[in-house]
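What follows is each chain in one-letter form.
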Amino acid sequence: MQWAGGLAGDHRHAAVGAVNAASSRRLRRHWRAGALALLLAMTVLPFGAPATQAASTDLATNCGVSLRTEASTASPALTILPTGSVVTWTETVPGSSWSATCGSLVTGSSWYAITAVNGQSVSSLYGAPVAYAATGLFRPADGTEFLEGVDVSRWQGPIDFVAVRSAGKRFVIAKATEGIGFLDPAYQTNKAGAGAAGLAVTAYHFARPDLNPANPQGEADWFVDSLGLVPGMLVPALDLEVAGTLGTAELQAWVQGWLDRVYARTGVRAMIYASPSFWKKYLADTTAFADQGYSILWVAHWFVAGPTVPARNWSNRGWTYWQYSNCGSVPGISGCVDLDRYNGSDLTPVTYGADFAVSASPASASVVAGAATALTLNFARTFVTTPIQVTVTGLPAGSTAALSASPVTGSSTTLTVATTRSGTPTPVGSFPLTITATSGALTRTTSFTLTVVDASAPVVRAPVYRLVYPARLSGSLPVRIEWSAADPDGISAYGVQRQTAGGSWQDVALPSTTSTSLTQSMSVGTPYRYAARAADGAGNLSDWTPGSTASVLVAEQTSASIAYSGTWRTATSRYASGGSLKYATRYGASATYTFTGSGVAWLAYRGPNRGSARVYVDGVYRKTVNLYSSSYVSRQVVFAYNWASSGAHKIKVVALGTAGHPRVDVDAFLRLTIQ
Amino acid sequence: MFAASFVGPPPAARRSLVAVLAVAALAGACGGESATVGTQETTPPPSAGQSASPAATVDRTVAPTASPGLGPCDSGALMSRVTRWDGAAGSRIGTVELVNIGTSTCVVFVLARPQLVDGTGSILIDGSQPAALKTVEIIPGGIVTAAVQVSNYCGPGPVPPVTVAFVLPDGLGRVVAAPLSTTDTGGLPPCNGPAGSPGTIGMQPWAP
C-alpha cells in the first residue's frame, strides 16, 4: 500500500544513520516526537581491530537502530531494527565514533558484530555473514521489562503479521467496533492473522457516547457480539476519547454501564484506553473504575519519555499498556502504526481464560517411616506462562517436602516427601496433603494422600547406669538402669536382661511393660551388663541392645586416692564399711577423692551427733549434705553424682563444723565404672 | 467558508501530468490495466437535493486538458466530500469521496498532500507531498474513495466544521472536501501528546 502524508518532517523515517546538520535538526524533531530517533555522527575511526569483548547474551534494541555493513556510520544501512528487536552478537569491535539519543544521549565507538536478528541469521536476511550496530542502543534481552506491540485498524490495510512478529512485536490490539453497528472491516482479518502469526491479540471498542448517550449497553452488546472473545485472547478494551455532550457524571455512568455490560456477558473486566488529559478533563480523574477492579489501563501518551498515569496512578496500579507513539514504523505494516508497550514480560495476567490445573501423580503413596516418596506434580497450563509457586500443607510431624524446581516454570515438577525416625519421628498414619499452586491471581489445589507405615523395629537406646541416693551399702548397692526406644508407631513393650560376671543373660522383670528404668542391686566388685529391646505398635521387635559393663567399686577411707585436709580422726566400727572410718569435726576439714568412672557416691554415717558438709564435684559446689539423724545408721549413701560417660573426676567433702553436732564421716567413696 | 479559489497550475506541472497520462494511455492501448471507458458502469453525481452534506468546494486549479477522456481532471469537474469519520485509538479515520461531476473521463494522482482544515480554511494539520506518480481514472459520475487518518491535534479550538483538503501533486491545485455537516468536528483528533506536539495526517490512495 502506498502512503502519503505524515507528521511535518516525516518522522516515519529512519532512526539511526549518518546525518548532516539539516537532518540532525529533523531528527531532533523526531525525538521530540517520541520516535526514539538517533543521531549518529560521524568521525570515522579505524576499525577492524581485534574484538574487545566476547558475546554473552542476546540483546534487544532500546530504540530504532541501523544495522550496517561495516562498523562505521559511513557504511550502508541494511535495515533499521525496530525497538524491541532481539539480536545475537559475537563480539564488539572498534569502529567509527557515534552518538545517539536513545532515551538519553549515548556515545561511543564500539560496535556489535551481529549474526542474527530475531532468531534469523543475518546472512539469510541480508546476505552478509555479519552486520554491525552501535553499542549503547541495546539492553539485555533477558529480563525484558516490557513487551512491544501495536494497535491496528482498517487504516493499516493488509498486514504481514509474520513480519510484525519477526520484528519483535508480541501483541496486537485490533479495532473491532465503534458505536453500534460499525465493525472495522479489517478486524476479523487482523485478529486471525495476528493469532496465526503467534501474536497475542485482542480488540477494542471505540466508544461513541456522543451517538448513544443513553445506550452504553447497546454499544457493549455490539462489541461483545462482534468480538469473538475466546480464551487466549488478551483482555479487550474500551477506547474512550469522545465525550459528546455528556457531563462528567453522565460520562462516568456511561462508562460504568458499558463495563458492567461487558462484564456481565463475558466475565471480563475490560481494560480502559484513555489519554491522561481525557481522563482528567471528562471523567474528573476518577479512581472509581480502577478501584472496582478495572485494573488494566491502556494509557495513550505520546512524545513523552514515560506516560502520565491518571486516576492517581490508576489507584497505584500504574499503567499496563502504554500507547507511546502514533506513528511508528514496523515491518509488515505500511505507513504509520500506533506503537504500544506492555508493562511486564508476561501477558498471562491480561490473558482472557488464562488458567491452569495441578494434579499429583500418583495421588497417594505409602512410605515406611524414615523413608521418602516422590510424586510428580503436573501443571496443565492454558495460556498461563508465568511461574507457578507451590506450597504443601498437611505434612505430618517430622516430615518435609521439597520440590525439584520452585517456582515451576514448566509443566511438571517432582515433589519429594521425606519422613524421619529420629528426632521428631514421623507418626504412622494416613495424612491428606494439600498442594496449593499459585500463579498471579490464580490459585489451584490438588491433594495427595501420604500413608506412613512402620516396617522397622524401634530404635533402642542402650541401658545406662546411675548411682542413686539415699541408699545403703550392704555388700551390694542399688543402681538405677535406664533405657528407651523411639518408633513412629510408638513403643508397646520393653524387655530387659542382665548378665552377671560374664554369665548367661537372664530376663529381668519390669514394673510394667513400658517401664524405662529399674533399680537393681549390684554386688560390689561384680561386673553387670544389661540389655534392652522394644516392640512397637505394629509388632516390630528390636534386637537386644546391650549397654556397657558396669561395676560398683569401693574406695575405703584409707584409700590412697583420698586426700584429707584438716583434722580427720579414724574410728573403728563394726558397722562401718571395712570396719573403720574417718571423721572430722572442725570447719573446713576436707576429703578429696580422685577417681575414674561414670558415677560416684559418698558413704557415711548418719546420727544425732552428725552435722553438715558441702560437696563439690570437679570443683563445682553441688550440695550441702546434712548427716544428722535422730538415730545412728551406718553405710549410708548420702550423695551421688553421675556422668554420661566414664572419665577422671574429683569429689570433695568439706565439713562445716555444725554447732552441737559437727561430726562428718567419710566411711568410703563408691564409684561406678563402665567398660 | 470553503470559498473556492481559482489558481492556475504552473505550465511545467501541467506538462508533467500530461506526460504521465500519455504513458498511461499507451499502457491502456497495449492491453494494460486502465479502465475501458464507455463500458464501465457509472455513478451519477449526487444532486444537491440528494446529499445531506454541503456541496463540495473545489479549488479550480486544474485547467482542462486538450486530450478529452485522458487528461487531468478539471478541478471544476471534481467534487469531494467526507462520508464518514470513525475513530481508532487516538486517531480519526475519514472516508472521503472524490467525484467526477464533469462530462469526460479524467485522471488524478492517487495520492495528494492531505490537510485537516477548519471552517475558516485554516490548516490544522498539514501532511507531506507524496512522491508517487500513479494515477486513477474517473469516468463521468465516477467516484473514487480514499481514507484519511489524522491524529494528535494539540492546537487551539477550531471553527467548525472540520474537514480535509487535498493539495494535488505537481502544483495541480487543491480540493477541499465537503464536511459531514456544517457543525461537524468528528474529524478532529484528540491531543495525546504534550502541548505543541505535532499532528499527523496521511491518506491512502484514491481507489474506485
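Heads up: these notes are all about the structure in this document. (Residues numbered from 1 in each chain as written. Chains lettered and ligands numbered in written order. Predicted model: local features only at pLDDT ≥ 70, side-chain atom pairs only at ≥ 80, totals over all residues.)

### Side note on the overall build of chain B
Helices and strands together make up the secondary structure of chain B, namely 1 helix and 11 strands. Helices (α) and strands (β) of chain B occur, in sequence order from the N terminus, as α-β-β-β-β-β-β-β-β-β-β-β. (Helix = DSSP H or I, 4+ residues; strand = E, 2+ residues; numbered from the N terminus.)

### What about the overall build of chain A?
The helix and strand tally for chain A stands at 9 helices and 44 strands. Split into buried and exposed, the 675 residues of chain A put 45% on the buried side. (Buried ≥ 20, exposed ≤ 12 C-beta atoms within 10 Å, placed from the backbone.)

### Digging into the interface of chain A and chain B
For an interface, size is often stated in terms of accessible area lost upon the parts coming together. Contact residues are listed per partner, giving 38 residues for chain A and 32 residues for chain B. At the level of elements, strand S1 (4-5), strand S12 (171-178), strand S14 (200-206), helix H7 (276-283) and strand S18 (321-328) of chain A are the ones that each hand at least two residues to the side of chain A that touches chain B. Looking at side-chain class alone, the side of chain A that touches chain B contains 19 nonpolar, 11 polar and 8 charged residues. (Contact = placed C-beta atoms within 7 Å. Nonpolar A, V, L, I, M, F, W, Y, C, P; charged D, E, K, R; others polar.)

### Description of the packing of helix H5 (residues 216-227) of chain A against helix H6 (residues 248-266) of chain A
All names here are of chain A. For the pair H5 and H6, the least separation of the axes is 8 Å and the interaxial angle reads 40 degrees. Comparing their axes, H6 and H5 come out oblique. You can see that H5 and H6 cross each other, and the crossing is right-handed. Contacts between H5 and H6 involve Pro 216, Gln 217, Glu 219, Ala 220, Asp 221, Phe 223 and Val 224 from the first element and Trp 254, Gly 257, Trp 258, Arg 261, Val 262, Arg 265 and Thr 266 from the second. Broken down by class, the residue content of the contact of H5 with H6 amounts to 7 nonpolar, 3 polar and 4 charged. (Axes fitted to C-alpha atoms, helices over the stretch in contact; angles between N-to-C directions. Parallel < 35°, antiparallel > 145°, perpendicular 65-115°, else oblique. Left-handed = near helix turned anticlockwise from the far one by under 90°.)

### Overview of unusual backbone geometry
For residues besides glycine, phi is generally negative; the peptide bonds are generally trans as well. All names here are of chain A. With an omega of 0 degrees, the peptide bond between Ser 361 and Pro 362 qualifies as cis. One can find Pro 362 in the loop between strand S20 (355-361) and strand S21 (364-368). In this structure, the amide linkage connecting Ser 406 to the following residue, Pro 407, adopts the cis form with an omega of 0 degrees. Along the chain, Pro 407 turns up in the loop between strand S24 (400-403) and strand S25 (412-418). One non-glycine residue, Ser 315, adopts positive backbone phi at about 50 degrees.

### Examining the pairing of strand S9 (residues 163-167) of chain B
All names here are of chain B. The buried fraction of S9 amounts to 5 of the 5 residues, a majority that puts the element mostly inside the structure. In terms of strand pairing, strand S5 (residues 113-117) meets S9 through 5 bridges, oriented antiparallel. Opposite Pro 114, over in S9, you have Phe 166 as the bridge partner. Looking at chain direction, S9 and strand S10 (residues 174-176) are connected through 3 bridges and run antiparallel. Of the residues in S10, the one forming a bridge with Val 167 is Arg 174. As consecutive antiparallel partners, S9 and S10 are separated by 6 residues, and within that stretch Asp 170 has a phi angle of approximately 60 degrees, a positive value. (Pairing = 2+ DSSP bridges.)

### Remarks on H5(A)
All names here are of chain A. The terminal C-alpha atoms of H5 lie 16 Å apart, and with 12 residues this matches the ideal 16 Å at 1.5 Å per residue to within 8%. Pro 216, Glu 219, Ala 220, Trp 222, Phe 223, Val 224 and Leu 227 are the residues of H5 that are buried. In this structure, the buried residues of H5 make contact with S12, S14 and H6. (Expected span 1.5 Å × (residues − 1).)

### Re H6(A)
Residue and element names in this part refer to chain A. Taking 1.5 Å of rise per residue, the 19 residues of H6 would be expected to cover 27 Å, and the 27 Å separating its terminal C-alpha atoms lies within 8% of that figure. Buried residues of H6: Leu 251, Trp 254, Val 255, Trp 258, Leu 259 and Val 262, and no others. All buried residues of H6 lie within an arc of 120 degrees about the axis, which places them on one face of the element. H6 presents Ala 249 and Ala 264 as exposed residues on the side facing more than 90 degrees away from its buried surface. Structurally, H6 contributes buried residues whose contacts are with H5, strand S15 (237-239), H7 and helix H8 (288-292). Backbone geometry just downstream of H6 places Gly 267 in the positive-phi region, at approximately 75 degrees. (Arc of directions from axis to C-beta.)

### Looking at the sheet that holds strand S38 (residues 580-584) of chain A
Residue and element names in this part refer to chain A. The 3 strands lie next to each other as S37-S38-S43, forming an open sheet whose pairing is antiparallel. Both outer strands of the open sheet, strand S37 (569-572) and strand S43 (664-666), are each paired with one neighbouring strand and no more. Neighbour-to-neighbour, the strand axes of this sheet turn through a mean angle of 40 degrees, independent of strand direction. As paired strands, S38 and S43 are joined by 3 bridges and run antiparallel to one another. Bridge pairing in S43 links Lys 582 to Val 666.

Everything listed is a geometric property; what it means functionally is a separate question.
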